[in-house]
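# Observations on chain architecture
The primary structure of each chain is shown beneath.
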Amino acid sequence: MVSSKDRARKLAREKLDRQLARRAVRERRRRQIQAGLGAAVALILIVGGIAWLGGAFDSDDTKTDAADSDVCAWTTQNAESNKSLKDVGEPPTSGIPTEGTRPMTITTDKGAPIVVALDLVSAPCSAADLSYLAGKQFYDNTTCHEITTEGAIRCGDPSGTGQGGPTYSVYNENVPPAPEPTPSASSAPAKAPTAAPLYPKGTVALIGDPPGTNGSQFLIFFKDFTPKGEPEYPIVGKVTGGMDTVAAIGKIATVANDAGDKVKPKDKITVRSITVGAPGTVPTTTPPAAASSAAPSASSQS
C-alpha cells in the first residue's frame, strides 16, 4: 500500500514534468517567432535595398523642383504715388528659364532691327521681366528718350520721362563687380594693362530709379563704359545683330530735357515693337516694316 508521503512525491514530480513540458513548448515557440521575425526583417531589408537602388523612394519633386520652385520675386510699386506707372500685372515667379539664351528683337524707325541675346543663366529674372512686358505689347510705339553721357541709348519708358514702367520691379541680379583699386604710381609697372570695360559696347542692361528697382527701362551701350564709382546697372544681355543701328542712333544729336540735362535725342527714336523668342531659338529675318525704314542720314545725326 502506497503511503501518503510517496503519493505526495509522485504528484510533485508530475507537476514538475508538466511545468517543464510547458516551458519547453514556450521556448520552441519563442525561437520560431524570432526566426520568423529575423527572416521577415531580412526580406524587408533586401527588398527595400533593391527598391532604393532602383529609385523607388526617390521623390518626384526632384523632377519638378526647377519648374515648380520660385525663381524670381517681384516687388509691387505704388501707382498712386507715381502716375507714370502702367499696370499690366506681374510675371510668374516659377517656371522661369535659367539656361542658355533667348533672342529679343527691337524694331525701331532707325534701321534694321536690333537683336539681343538675353542671358538666362546670369540674369533669368531680368530676362523674364523683359519677355513678359514684350508679350504684353508694353513697348509698342514707345520712345528711347535719352542718349546718355555714358554712351548708351535709354529705352523702355512709355511715359518718356524716366519715371515710367510697370507696377512691379525686379532686383539687381547681374551687376558687374567694381574694378580692383589701381596700384600706386611707385609700385605700378611702366605700362599697366588696360582693364576690360565693365559695360562693353553692345551690352544691354536694366536701369532703375532708384537703382535696384528695375522695371521696363533698359540701356543699350554704343561704346565701352566703366563707371568711376560702383556699377549699378544689371546686365541682361548683349547685342548680336543690328549694331550698325545702335551706332547710328548713338550719333543723333541731343538737346536739353525738362531737367536741363543734354540727353534728349533731337530726332525722336520710336520703338515700334519688341518681341522675345523662346529659349534657344534664333531670331527671324528682318521684318518688312523695319526693312523698308531707312537709317537716318549723317546730317540728321549730327
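The rules behind the values
- Residues numbered from 1 in each chain as written.
- Predicted model: local features only at pLDDT ≥ 70, side-chain atom pairs only at ≥ 80, totals over all residues.
- Heavy atoms only, no water.
- Phe/Tyr/Trp six-rings, centres within 6.5 Å; stacked < 30°, edge-to-face > 60°.
- Helix = DSSP H or I, 4+ residues; strand = E, 2+ residues; numbered from the N terminus.
- Buried < 20%, exposed > 50% of the residue type's maximum accessible area, 1.4 Å probe, protein only.
- Pairing = 2+ DSSP bridges.
- Disulfide = S-S within 2.5 Å.
- Contact = heavy atoms within 4.5 Å.
- Salt bridge = Lys/Arg side-chain N within 4 Å of Asp/Glu carboxyl O.
- Core = buried A, V, L, I, M, F, W, Y, C linked by side-chain atoms within 4.5 Å.
- Polar contact = N/O pair within 3.5 Å; in protein donor to acceptor, adjacent residues only side chain to side chain.

## A word on the packing of aromatic side chains
Describing an aromatic ring pair means giving the distance of the ring centres and the angle of the ring planes. Tallied over the full model, the rule gives 9 aromatic pairs. With a centroid separation of 5.5 Å and 75° between ring planes, the pair formed by Trp74 and Tyr168 is classed as edge-to-face. Separated by 94 residues along the polypeptide, Trp74 in the loop between helix H2 (61-68) and strand S1 (75-76) and Tyr168 in strand S9 (residues 168-169) bring together distant segments of the chain. Between the aromatic rings of Phe138 and Tyr139, the centroid separation amounts to 5.7 Å while the plane-to-plane angle is 80°, which identifies the pairing as edge-to-face. Here Phe138 and Tyr139 have matching classes, each one buried. By the ring-pair criterion, three or more aromatic residues cluster together here, those being Tyr199, Phe221, Phe225 and Tyr233.

## Some points on the pairing of strand S14 (residues 262-265)
Examined bridge by bridge, strand S13 (residues 254-256) and S14 share 3 bridges and lie antiparallel to one another. In the sheet register, Val255 faces S14, and the bridge partner there is Lys264.

## As for the state of the cysteines
In the structure shown here, the tally under the stated rule is 2 disulfides. Put simply, Cys72 and Cys125 are joined by a disulfide, and their sulfur atoms are 2.1 Å apart. Judged by the sign of its S-S torsion, about -100°, the bond between Cys72 and Cys125 is left-handed. Here Cys72, found in the loop between H2 and S1, pairs with Cys125, found in helix H3 (residues 124-135); they are 53 residues apart in sequence, far enough to count as distant. Between Cys144 and Cys155 runs a disulfide, and the two sulfur atoms are separated by 2.0 Å. Taking the sign of the S-S torsion, about 95° here, the bridge from Cys144 to Cys155 comes out right-handed. Placement of the pair is Cys144 in the loop between strand S5 (142-143) and strand S6 (146-147) and Cys155 in strand S7 (residues 152-155), with a sequence separation of 11 residues. As far as burial versus exposure is concerned, Cys144 and Cys155 are alike and both buried. The cystine pairing of the protein chain, numbering bonded cysteines in sequence order, is 1-2, 3-4.

## Concerning the side chain of Thr105
Note that Thr105 resides in strand S3 (residues 101-108). If sequence neighbours within four positions are ignored, Thr105 has contacts with Pro113, Ile114, Val115, Ser273, Ile274, Thr275 and Pro283.

## Here's the deal with the pattern of salt bridges
In total, this model carries 4 salt bridges according to the counting rule given. Close ionic contact of Glu80 with Lys83 constitutes a salt bridge, the shortest N to O distance being 3.4 Å. Look at Glu80 and you get exposed, because its relative accessible area is 62%. One salt bridge connects Lys110 with Asp109, and the closest N-O pair in it is separated by 3.6 Å. What makes Lys110 buried here is its relative accessible area of 6%.

## Focus: the sheet that holds S5
Whether parallel or antiparallel, the strands of a sheet pair through hydrogen bonds between backbone atoms. The strand order across the open sheet formed by 9 strands is S5-S15-S3-S4-S12-S10-S11-S7-S6, and the pairing between neighbours is antiparallel. With one partner strand each, in any of the chains shown, S5 and S6 form the two edges of the open sheet. In this structure, S7 lies alongside strand S11 (residues 214-221), joined through 4 bridges in antiparallel fashion. From the neighbouring strand, Ile153 faces S11, where its bridge partner is Ile220.

## What to know about the nonpolar core
Counting 39 residues, the largest nonpolar core has Ile106, Val116, Leu130, Phe218, Ile220 and Ile274 as the members making the most contacts within it. Considering each element in turn, this core owes the most residues, 7 residues, to H3. Beyond its immediate chain neighbours, meaning those up to four positions away, Val116 contacts Arg102, Pro103, Met104, Ile106, Val204, Gly237, Lys238, Val239 and Thr240. The next biggest cluster of nonpolar side chains, apart from the first, holds 10 residues, and it includes Ala152, Leu198, Tyr199 and Ile235.

## What about the environment of Ser126?
Within the element layout of this structure, Ser126 appears in helix H3. Of the residues examined, Ser126 reaches a relative accessible area of 0% and is grouped as buried. Taking the C-alpha atoms as reference, Ser126 lies 9.4 Å from Ser216; in sequence the two are 90 residues apart. Ignoring anything within four residues of it in the chain, the contact list for Ser126 reads Glu173, Leu206 and Val236.

## With respect to the environment of Ser169
Mapped onto the elements of the fold, Ser169 is located in strand S9. Taking relative accessible area as the criterion, Ser169 reaches 4% and is therefore assigned buried. If sequence neighbours within four positions are ignored, Ser169 has contacts with Ala73, Trp74, Thr75, Gln77, Thr213 and Asn214. Within the structure, Ser169 has its side chain in polar contact with the side chain of Gln77 (distance 2.9 Å).

All we've got here are geometric facts, nothing functional implied.
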